[in-house]
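Each chain, written out:
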Amino acid sequence: MPLSLSRSLVRLRGRGLSDESPRLSDESRWYTEHTALLISTLKWALLGAGAGLCVGLGTRAFLWSLPRSADLARALTFGRIPVFALLPLALLACVWIIRAFAPDARGHGTEAVITAVHQRSGRVDWLVAPVKLSATVVTLAFGGSVGKEGPAAQIGAALTSLFADVLRLRDEDRRRLVICGLSGGFAAVFGTPVSGALFGIEVLSLGRIEYSVIFPALVAGIVAHLACGVRPPFPVLGEAFADRHQVRTIVSMVAAGALFGLVALLLIESLRFGERALRRFEHHPYFVAAAGGSALVLLYAIAGDTYAGLGTETINGVLAGTMANTPIAAAVMAMELLPAPESVYAALAASTAFLMVGHRSVYASQKIGLSKSAGLDIQLGGPIGDVSRSDVRIRKGSITERVLAWTTRDTSRPNKDEPA
């Protein structure tokens, strides 16, 4: 081998060996970083626990008041007429309570919290908690079909925002604490601490998780669950899937998930259509409340009031055999509510539904953090409510574009039996 070539090889070999990976012993002042991490961990353990305690007790008061208010509503009618007959008056009272004391309490509770986190660093008027509690209790007592997770989330956010005011926290800390309140409210109302925590950090953005809030959200969810004392509300399914072959079950769950996603999409589009249709009457809220209540009274009178109120009894009956864009939280919630084998299949159904619903959400303020398909181009970072059909485009060079091009070419090709 020529001497010049040998020297060149040695030189190249020396360069390659000189690029050594850094060693742990070379890190400087590692203890400074871990001291800061320890202080931060203790700080957020205390804040998360405090938030969970406040939210758990607030949710407990909310849940305690539901059956009492239902009994009071039945007493007012003396058993002579169904309680839902007074629903228009109840909704008028709710509109007055909200407009008079806390206008921010109107609408979907979770949606309002998402908006507050994204636009106001989590600032929520503390009056929202008692006002939202009162309005929801009155609505449910007289047969209004609303959920309890939205009010619990908004109550949790209002209480933690007040907690942040008392402690004079800076905006970023307030934002994190309000996310903990959202997580705690969901965890407390359903008795599912882990999925409650995941819901709070997953619902803010589609496809993006607030990793910086995982620890305090888990603390808040667990403490809120303990303070509220609610157990998972649905019965165990037992051997519901025991008579099916595993492959059949998996296919069934994928199909069910696709169906659930389409139903969710129908619900979302129905809500958007209704909101657009009623926008012309937004300056007449009492008229909308009375008309909506009267329409529900008519519906209940014709079809029955099975789906009035929370609907928990109906769900229990279905699961016992006698009758949403947060896939991780939904999957973990299934694991907390159901036995291990069934929870795996439920997680599969939840993931399928997540894909089928597309870039739509019942929470219009939820930010878009990812495209659900490699074949779609969609601008990230904006609210889901601002997405129009023209904003979702087929990606150039994708399999989707090729399939669509092939089907278009195939259908546009003239039939041989027809004249050209």
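Residues numbered from 1 in each chain as written. Predicted model: local features only at pLDDT ≥ 70, side-chain atom pairs only at ≥ 80, totals over all residues. Heavy atoms only, no water.

Enquirer: What should I look at first to understand the overall build of the protein in this one?
Expert: Across its full length, the protein holds 15 helices and four strands. Expressed as a percentage of its 420 residues, the buried residues of the protein come to 39%. Summing over all exposed atoms, the protein offers an accessible surface of approximately 24,400 Å²; the carbon and sulfur share of this is 63%. (Helix = DSSP H or I, 4+ residues; strand = E, 2+ residues; numbered from the N terminus. Buried < 20%, exposed > 50% of the residue type's maximum accessible area, 1.4 Å probe, protein only. Areas by Shrake-Rupley, 256 points an atom, 1.4 Å probe, with all protein chains shown as cover.)

Enquirer: How do you make sense of the packing of aromatic side chains when you look at a structure like this?
Expert: How two aromatic rings sit relative to each other is set out by the distance from centre to centre and by the angle between their planes. With the rule as written, the count across this model stands at five aromatic pairs. Here the aromatic cluster, defined as three or more aromatic residues joined through ring pairs, consists of Phe186, Phe190 and Phe199. (Phe/Tyr/Trp six-rings, centres within 6.5 Å; stacked < 30°, edge-to-face > 60°.)

Enquirer: It is not clear to me how a nonpolar patch on the surface should be interpreted in this structure. Could you clarify?
Expert: Together, Trp126, Leu162, Val166 and Leu167 make up a nonpolar patch on the protein surface, roughly 380 Å² of accessible area in all. A relative accessible area of 34% places Leu162 in the partly exposed class. (Patch = residues over 30% accessible without salt bridge, like charges linked within 9 Å, V, L, I, M, F, W, Y side chains within 5 Å. Salt bridge = Lys/Arg side-chain N within 4 Å of Asp/Glu carboxyl O.)

Enquirer: Could you clarify how one ought to interpret the packing of helix α4 (residues 109-119) against helix α7 (residues 171-190) in this entry?
Expert: Two packed helices can be described by the angle between their axes and the distance between those axes. One way to put it is that α4 packs onto α7 with a least axis distance of 10 Å and a crossing angle of 165°. Between α4 and α7, the angle is such that the two are roughly antiparallel. Two packed elements cross with a definite hand, and for α4 against α7 that hand is left-handed. Contacts from Thr110, Val113 and Val117 of α4 reach α7 at Arg175, Val178, Ile179 and Leu182. Residues belonging to the contact of α4 with α7 are distributed by class as follows: five nonpolar, one polar and one charged. (Axes fitted to C-alpha atoms, helices over the stretch in contact; angles between N-to-C directions. Parallel < 35°, antiparallel > 145°, perpendicular 65-115°, else oblique. Left-handed = near helix turned anticlockwise from the far one by under 90°. Contact = heavy atoms within 4.5 Å. Nonpolar A, V, L, I, M, F, W, Y, C, P; charged D, E, K, R; others polar.)

Enquirer: What is the right way to read unusual backbone geometry from this model?
Expert: Negative phi is the rule for most residues except glycine; trans is the rule for most peptide bonds. Notably, Ser121 is not glycine yet its phi reads approximately 55°, a positive angle. Tracing the backbone shows Ser121 in the loop between α4 and α5 (128-141). The phi torsion at Arg168 lies on the positive side, around 55°, for a residue other than glycine.

Enquirer: When you look at the pattern of salt bridges in this model, what are you seeing that I'm missing?
Expert: Opposite charge on two side chains permits them to pair, given that their charged atoms come into close proximity. Counted according to the given criterion, the structure contains eight salt bridges. Residues Arg170 and Asp173 are paired through a salt bridge, measuring 3.6 Å at the closest nitrogen-oxygen approach. The salt bridge partner of Glu269 is Arg272, with a shortest N-O separation of 4.0 Å. Taken as a pair, Glu269 and Arg272 lie in helix α10 (residues 246-278) at a separation of three residues, close to a single helical turn. A residue is classified by how much of its surface remains accessible, and Glu269, at 29% relative accessible area, is partly exposed. In this structure Arg272 comes out as partly exposed when scored by relative accessible area, which is 24%. One connected set of salt bridges, linked through shared partners, spans Lys43, Arg170 and Asp173.

Enquirer: Looking at this structure, how should I read the nonpolar core?
Expert: Soluble globular proteins tend to pack their nonpolar side chains together in the buried interior. Among the nonpolar cores identified, the biggest contains 54 residues, and Leu63 and Leu177 are the most heavily contacted of them. Per-element accounting of this core gives the leading share, nine residues, to α7. In this structure, Leu177 is in contact with Trp44, Leu47, Ala51, Thr160, Phe163, Ala164 and Leu169, ignoring residues within four places of it in sequence. The next biggest cluster of nonpolar side chains, apart from the first, holds twelve residues, and it includes Ala73, Leu87, Ala90 and Val297. (Core = buried A, V, L, I, M, F, W, Y, C linked by side-chain atoms within 4.5 Å.)

Enquirer: I tried to follow α5 on my own but got confused; where do I start?
Expert: An α-helical segment advances 3.6 residues per turn. Residues three or four places apart therefore align on the same side. An ideal rise of 1.5 Å per residue puts 20 Å on 14 residues; α5 measures up with 19 Å between its terminal C-alpha atoms. Among all positions in α5, only Val128, Ala129, Val131, Lys132, Ala135, Thr136, Val137, Thr139, Leu140 and Ala141 are buried. Phi turns positive, to about 95°, at Gly143, one or two residues after α5. (Expected span 1.5 Å × (residues − 1).)

Enquirer: Where do I start with the side chain of Lys148 in this structure?
Expert: Summarising the element assignment, Lys148 is placed in the loop between α5 and α6 (149-167). It turns out Lys148 is buried and unbridged, and the closest side chain with the opposite charge, Glu149, is 7.8 Å from it. (Lys, Arg positive; Asp, Glu negative; His and termini not counted.)

Enquirer: Help me understand the environment of Gly293 in this model?
Expert: With respect to the element layout, Gly293 can be found in helix α11 (residues 285-303). Taking relative accessible area as the criterion, Gly293 reaches 0% and is therefore assigned buried. In sequence terms Gly293 and Leu91 are 202 residues apart; their C-alpha atoms lie 6.6 Å from each other. When near neighbours in sequence (up to four residues on either side) are disregarded, Gly293 contacts Leu87, Pro88 and Leu91.

Enquirer: When you look at helix α3 (residues 87-101) in this model, what are you seeing that I'm missing?
Expert: For α3, spanning 15 residues, the distance from its first C-alpha to its last is 21 Å, which sits close to the expected 21 Å at 1.5 Å a residue. Those residues of α3 lying buried are Leu87, Pro88, Ala90, Leu91, Cys94, Val95, Ile97 and Ile98. Buried-residue contacts for α3 involve α5 and α11.

Enquirer: Is there a simple way to explain the packing of α3 against α5 in this structure?
Expert: In contact at an axis separation of 9 Å, α3 and α5 are set at 175° when each is read in the N-to-C sense. The angle between α3 and α5 falls in the class roughly antiparallel. Together, Leu87, Ala90, Leu91, Cys94, Ile97, Ile98 and Phe101 of α3 and Val131, Ala135, Val138 and Thr139 of α5 make up the contact between the two elements. Among the residues forming the contact of α3 with α5, the class breakdown is ten nonpolar, one polar and no charged.

Enquirer: Help me understand the environment of Ile328 in this model?
Expert: Among the structural elements, Ile328 can be located in helix α13 (residues 327-337). With a relative accessible area of 38%, Ile328 lands in the partly exposed category. C-alpha separation for the pair Ile328 and Ala347, spaced 19 residues apart in sequence, amounts to 8.1 Å. In contact with Ile328, not counting residues within four places along its chain, are Leu198, Glu202 and Ile209.

Enquirer: Just checking my understanding: could you explain the environment of Ser205 for this structure?
Expert: Mapped onto the secondary structure, Ser205 falls in strand β1 (residues 205-206). By relative accessible area, which is 6% here, Ser205 ends up buried. In contact with Ser205, not counting residues within four places along its chain, are His118, Gln366 and Lys367.

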